[in-house]
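Chain by chain, the residues run as shown.
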Amino acid sequence: MSYYDKLKALNIELPAVAAPAAAYVMYAQSGNTVFLSGHIAKKDGKPWVGQLGKNMETEEGKQAARAIAVDLIATLQAACGGDLNRVRRIVKVMSLVNSTSEFTEQHLVTNGASELFGEVFGEAGKHARSAFGVAQIPMGACVEIELIAEIA
């Protein structure tokens, strides 16, 4: 089953790739490694604003992380010249969770993205990962995630 078949089975339609919000590119490639810039959570096309532990619960943060994963897959497809089947492995995910100092479930929030990568890419979706709690993210977004992948 191709990655596209898995996306279809999950009822996921990839969005257009977002434009950079500042002085950077959405992805950069070195050899077979692609580095995707951080993507912030969006809801209805606008930054998904909130702070975990203050006005957001873990489950909503997990949904935000899953939404970011969909956007990251769209950017990864662009990095692959339009062919996601070139993805060999999701290597590393780094997640920044806008959270209070008391909130300690950043890892559970980030599972929203990690689980989707596993559903879409199977074994190739298993990755190394870091999840951090931070005091703020650009535009007040609740979560930001970046990704490193190996492509053919």
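Refer to the structure above for everything that follows.
Residues numbered from 1 in each chain as written. Predicted model: local features only at pLDDT ≥ 70, side-chain atom pairs only at ≥ 80, totals over all residues. Heavy atoms only, no water.

(A) Expanded view of helix α3 (residues 106-121). For α3, built from 16 residues, the straight-helix expectation of 22 Å at 1.5 Å per residue is met to within 8% by its first-to-last C-alpha distance of 23 Å. Among all positions of α3, only Gln-106, Val-109, Thr-110, Gly-112, Ala-113, Ser-114, Leu-116, Phe-117, Val-120 and Phe-121 are buried. At the exit of α3 stands Gly-122, carrying a positive phi of roughly 60°. (Helix = DSSP H or I, 4+ residues; strand = E, 2+ residues; numbered from the N terminus. Expected span 1.5 Å × (residues − 1). Buried < 20%, exposed > 50% of the residue type's maximum accessible area, 1.4 Å probe, protein only.)

(B) Structural detail: the nonpolar core. Membership of the largest hydrophobic core comes to 40 residues, with the highest contact counts inside it found for Ile-73, Leu-76, Leu-84, Phe-117 and Phe-121. If you list the elements that add at least two residues to this core, you get α1 (3-9), β2 (33-40), α2 (58-79), β5 (87-98), α3 and β7 (143-151). Among the elements that line this core, the one with the most residues is α2, at ten residues. The contact partners of Phe-117, leaving out residues within four places of it in the chain, are Ala-69, Leu-72, Ile-73, Val-93, Gly-122, Gly-125, His-127 and Leu-147. (Core = buried A, V, L, I, M, F, W, Y, C linked by side-chain atoms within 4.5 Å. Contact = heavy atoms within 4.5 Å.)

(C) Quick look at the side chain of Ser-99. For Ser-99, the location among the structural elements is in the loop between β5 and α3. Since its relative accessible area comes to 6%, Ser-99 is described here as buried. Residues contacting Ser-99, with those up to four places away along its chain left out, are Gln-51, Leu-52, Gln-106, Gly-133 and Val-134.

(D) Focus on the packing of aromatic side chains. Across all of its chains, the model carries one aromatic pair by this definition. Here the aromatic rings of Tyr-3 and Phe-121 are separated by 4.6 Å at their centres, their planes lie at 70°, and the arrangement is edge-to-face. With Tyr-3 in helix α1 and Phe-121 in helix α3, this pair connects stretches of sequence that are 118 residues apart. For the pair Tyr-3 and Phe-121, one class covers both residues: buried. (Phe/Tyr/Trp six-rings, centres within 6.5 Å; stacked < 30°, edge-to-face > 60°.)

(E) Examining the environment of Glu-102 more closely. Position of Glu-102 among the secondary structure elements: in the loop between β5 and α3. As a C-alpha pair, Glu-102 and Leu-10 span 92 residues in sequence and 34 Å in three-dimensional space.

(F) Spatial organisation of the packing of α2 against α3. At a closest axis distance of 7 Å, the pairing of α2 and α3 adopts a crossing angle of 40°. With respect to each other, α2 and α3 are oriented oblique. Crossing angle aside, the handedness with which α2 passes α3 is right-handed. Residues Thr-58, Gly-61, Lys-62, Ala-65, Arg-66, Ala-69, Val-70, Leu-72, Ile-73 and Leu-76 of α2 lie in contact with α3, whose contacting residues are Leu-108, Val-109, Thr-110, Asn-111, Gly-112, Ala-113, Glu-115, Leu-116, Phe-117, Glu-119, Val-120 and Phe-121. A class-by-class count of the residues in the contact of α2 with α3 yields 13 nonpolar, five polar and four charged. (Axes fitted to C-alpha atoms, helices over the stretch in contact; angles between N-to-C directions. Parallel < 35°, antiparallel > 145°, perpendicular 65-115°, else oblique. Left-handed = near helix turned anticlockwise from the far one by under 90°. Nonpolar A, V, L, I, M, F, W, Y, C, P; charged D, E, K, R; others polar.)

(G) Structural view of the environment of Ala-79. Within the secondary structure, Ala-79 is located in helix α2. Owing to a relative accessible area of 8%, Ala-79 belongs among the buried residues under this scheme. For the pair Ala-79 and Val-34, spaced 45 residues apart in sequence, the C-alpha separation works out to 7.3 Å.

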